[in-house]
Amino acid sequence: MAQMLDLLRCRRRANDAAADGGKPARVDPDQWRFDVVRSVGEECQTDRELWGVLRRTRKFFKTDFVCYDGFEPSGRMHIAQGVFKAVNVNKCTGAGGVFIFWVADWFALMNDKMGGDLEKIKTVGQYFIEVWKATGMDMSKVQFRWSSDEINGHAVEYWGQALDIARKTTLARVKKCCQIMGRAEDKLTAAQIMYPVMQASDIFFLKADICQLGVDQRKVNMLARDYCDAIGRRKPVVLSHHMLYGLAEGQAKMSKSNPDSAIFMEDTPEDVERKIRQAFCPRSAGAARSEDAEAMQLVKDELMNPCLDYLQHILFGQPGYAFSAAGKVYTRYEDAKAAFLSGELSETELKDRLVEEVNKLLDPVRKHFSADPFAKDLLAKITQWKKDNLTAPNVLVRLEPRPAFASKVFVVFAPLPGTHVRLEDVLGTLRRLKAAPADVERVLWLEDWTASAWDCVGASDACIRGYYEILLFGLRGLAPSLMDGVRVCWQSELILSGPSEYWISVINAGRRTSLDMIRNALAPGDSLENASQVFASLMHIGDVLCFTGSSSLTLCCDERHENLHRLAGSTCESYGLKAPEVLRVDAAPLRLLAPGEGAEADVNVMLTDKEVEVNKKVKKSFCMPENTEFNPPIAWVAELVNFQEFLVARKPDNGGDKTYTDAAALTQDFASGALHPGDLKPSLSKALNALLEPLREGLAKQDVLKKAQKDLEAFVKAQSKKK
């Protein structure tokens, strides 16, 4: 009702008489455009927004509006894709639009279509284009964008958009998109969570004003609108066209797997006649509607007569069409349907005319593929490939870094970014790197894109980059000799060196991974709530697969990465590869107060802390006399003696100065009362500042580090204002 009221409010009727003398009201210049475009969809979300698109593009931007649809070039094209789509495209372009077809050849490659051969898939895509040319689609305002070229050529833009949608979309919301695909929630793979997010990304990547897809894609398109609500962006109009019924009883849509359920664009006249003659054609409603029917129909149709469906959408869908049968001419579908239901028009007469009319529509296609050399060659190739029964080779697709890693690799995944670089994280990373044997290549992996998926520091590229720049500076400053032998890999740089291979490896991993497996691989205390967690977990598998060219692989980690490493190991085994060794090396807990007490920024020593900040934090640290069970200052001493001797400066009356070279002796003195907190804390402050002082000069002078600190400080300030 609300949509109808919107429509009535927006309409300008030329035959409405004006109050001054009965002159007709001025015709709205966009009325005919609205009527034509709106006729394409069984539903429009929303009519008001469609009016907005038409007016905005004509009056203010003076540009064409952009419609989009996508298709995976695999197999045959049925009449709904061919004739019905051509009619709808011509309506949209005739009303001032540009129509973009997203040719999902890269997705067909991932789905092993045409034997997993991208060139063959592209050939099928060209075949589809030739069919549309022959049906009379106006190609002057139609664009074909090939996903294999576009996604891999603009990987930062595309995947950045996809990860942003995933971050702002709950897992429960994405699951709703999967229901219409006939997938039960408990049987969903992780890859099936990725697909709707990627399809929503297509809309924004193509800058579409109108999503002109079938009703079966409505939920994904509505997901894109929900995302726009979340970020305050103008929503795309969703114009969902009808799904043509299959020719057999109860088929809510046509099926390529059942050749007799649909008419295909290369069918012979004999094929067309046979299929229509045997098509289901009731005059009254039969059994209860299937679940598919409920999902595929926005306009309820109890009859579900495919012959009438062809009559309405294939024949009457053409502008100005008139249907002649049994000596009568019908200019409206409703009148022809009424004649059939009353018995005035028999089933035989209806089918006779359908056979004739459908063959008329297919004749230009048949002639094109017999007369045009290029089209003829395409059809010959595709026909032969169907006979060859192509199957994709069972090979592992993974990113292969250049230069290749050594035969023995020891990999440490850096901590995920936060608002500050904790000195604890720097020391923990060094501890893990030092755990490597002498005969291996040490690799430090900086997962910057995964950090964005985890929504670290607001998914800010500048803040994520800044965190890692400061972390690297700290590692190199505290252990220069060690870091000289470490290969530092930025995840984003490796991905962009082979985006197609990387993301295929990620999605293929998703096919082998259930949501329960993802849930069990999360860090302790985390729960699976958002789609981005699925992306991040699968990206971790893709990262690990990059190293599987080495004969020996060790993944050294803390508690956070342990379960993800083991998940990646199980994926390796599913490919017949040896699972990497997972070595857990935890950092010493160096928080200055007990868990849950104090703000994180106040109870952790940061790499960027000034001297006064270190002194203040240490002074407030928990340090009960003679208590060594939980004593952060003693834990810090245990770390610092790895870099320098620890001097406790005190008055002669208190025992005088004492130097410690290991933490055990200091712990013993503290437990006995020979060392008091009042002497330990000031000495710890001096030692920490002595360690950090050489780094402070670089932090103050290097432009990259100054920018990094500024970006992180700005993020902290912005977050505090939101509270």
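In this report, the structure presented in the accompanying data block is examined. (Residues numbered from 1 in each chain as written. Predicted model: local features only at pLDDT ≥ 70, side-chain atom pairs only at ≥ 80, totals over all residues. Heavy atoms only, no water.)

1. A look at the pattern of salt bridges
- Summed over all chains, the structure comprises 56 salt bridges.
- The residue Lys 120 makes a salt bridge to Asp 117 at a minimum N-O spacing of 3.2 Å.
- Residue classification places Asp 117 among the partly exposed positions, given a relative accessible area of 27%.
- A salt bridge links Arg 591 to Glu 600; its shortest N-O distance comes to 2.6 Å.
- On the basis of relative accessible area, Arg 591 is assigned to the buried category, the value being 15%.
- In this structure Glu 600 comes out as partly exposed when scored by relative accessible area, which is 44%.
- Where salt bridges share partners, they join Glu 559, Glu 562, Arg 566, Arg 584 and Asp 586 into one cluster. (Salt bridge = Lys/Arg side-chain N within 4 Å of Asp/Glu carboxyl O. Buried < 20%, exposed > 50% of the residue type's maximum accessible area, 1.4 Å probe, protein only.)

2. Thoughts on the packing of aromatic side chains
- A full pass over the atoms with the stated rule returns 28 aromatic pairs.
- An angle of 10° between the planes, with centres 5.1 Å apart, marks the rings of Phe 71 and Phe 128 as stacked. One end of the pair, Phe 71, is in strand β2 (residues 65-71); the other, Phe 128, is in helix α6 (residues 118-135), with 57 residues separating them in the sequence. Across the pair, Phe 128 and Phe 71 agree in class, each one buried.
- Between Arg 512 and the ring centre of Tyr 575, over which it is positioned, the NZ or CZ distance is 3.7 Å.
- The residue whose ring lies beneath Arg 560 is Trp 454, and the NZ or CZ to ring-centre distance is 5.2 Å. (Phe/Tyr/Trp six-rings, centres within 6.5 Å; stacked < 30°, edge-to-face > 60°. Helix = DSSP H or I, 4+ residues; strand = E, 2+ residues; numbered from the N terminus. Lys NZ or Arg CZ within 6 Å of the ring centre and 35° of its normal.)

3. Considerations on the nonpolar core
- In this structure, Trp 106, Trp 159, Phe 323 and Leu 423 are the most contacted members of the largest nonpolar core, which totals 227 residues.
- Top contributing element to this core by residue count: helix α20 (residues 461-478), with ten residues.
- When sequence neighbours within four positions are dropped, the list of residues in contact with Trp 106 reads Ser 147, Ser 148, Ile 151, Asn 152, Trp 159, Met 198, Ser 500, Trp 503, Ile 504 and Ile 507. (Core = buried A, V, L, I, M, F, W, Y, C linked by side-chain atoms within 4.5 Å. Contact = heavy atoms within 4.5 Å.)

4. A word on helix α26 (residues 559-574)
- Taking 1.5 Å of rise per residue, 16 residues should cover 22 Å, and α26 covers 24 Å from first to last C-alpha, within 8% of that figure.
- Turning to α26, its buried residues number three or more, namely His 561, Glu 562, Leu 564, His 565, Leu 567, Ala 568, Gly 569, Thr 571 and Cys 572.
- On its buried face, α26 sits against β9 (408-413), α23 (499-511), α24 (515-521), α25 (531-545), β12 (552-557) and β13 (581-584).
- The backbone nitrogen of Arg 560 lies 3.3 Å from a side-chain oxygen of the residue at the head of α26, namely Asp 558. (Expected span 1.5 Å × (residues − 1). Polar contact = N/O pair within 3.5 Å; in protein donor to acceptor, adjacent residues only side chain to side chain.)

5. Topic: the sheet that holds strand β4 (residues 142-146)
- Pairing in this open sheet of six strands is mixed, and the strands run β1-β6-β5-β2-β3-β4 from one edge to the other. The open sheet has two edge strands, β1 (43-45) and β4, and neither has a second partner.
- In terms of strand pairing, strand β3 (residues 97-103) meets β4 through five bridges, oriented parallel. Across the sheet, residue Trp 102 finds its bridge partner in β4, namely Arg 145.
- With respect to the sheet, helix α4 (residues 79-94) is in contact with β2, β3 and β4, its orientation differing from that of β3 by roughly 140°.
- The sheet contacts of helix α11 (residues 218-231) involve β1, β5 (210-211) and β6 (237-240), and relative to β6 the element is tilted by about 170°. (Pairing = 2+ DSSP bridges. Axes fitted to C-alpha atoms, helices over the stretch in contact; angles between N-to-C directions.)

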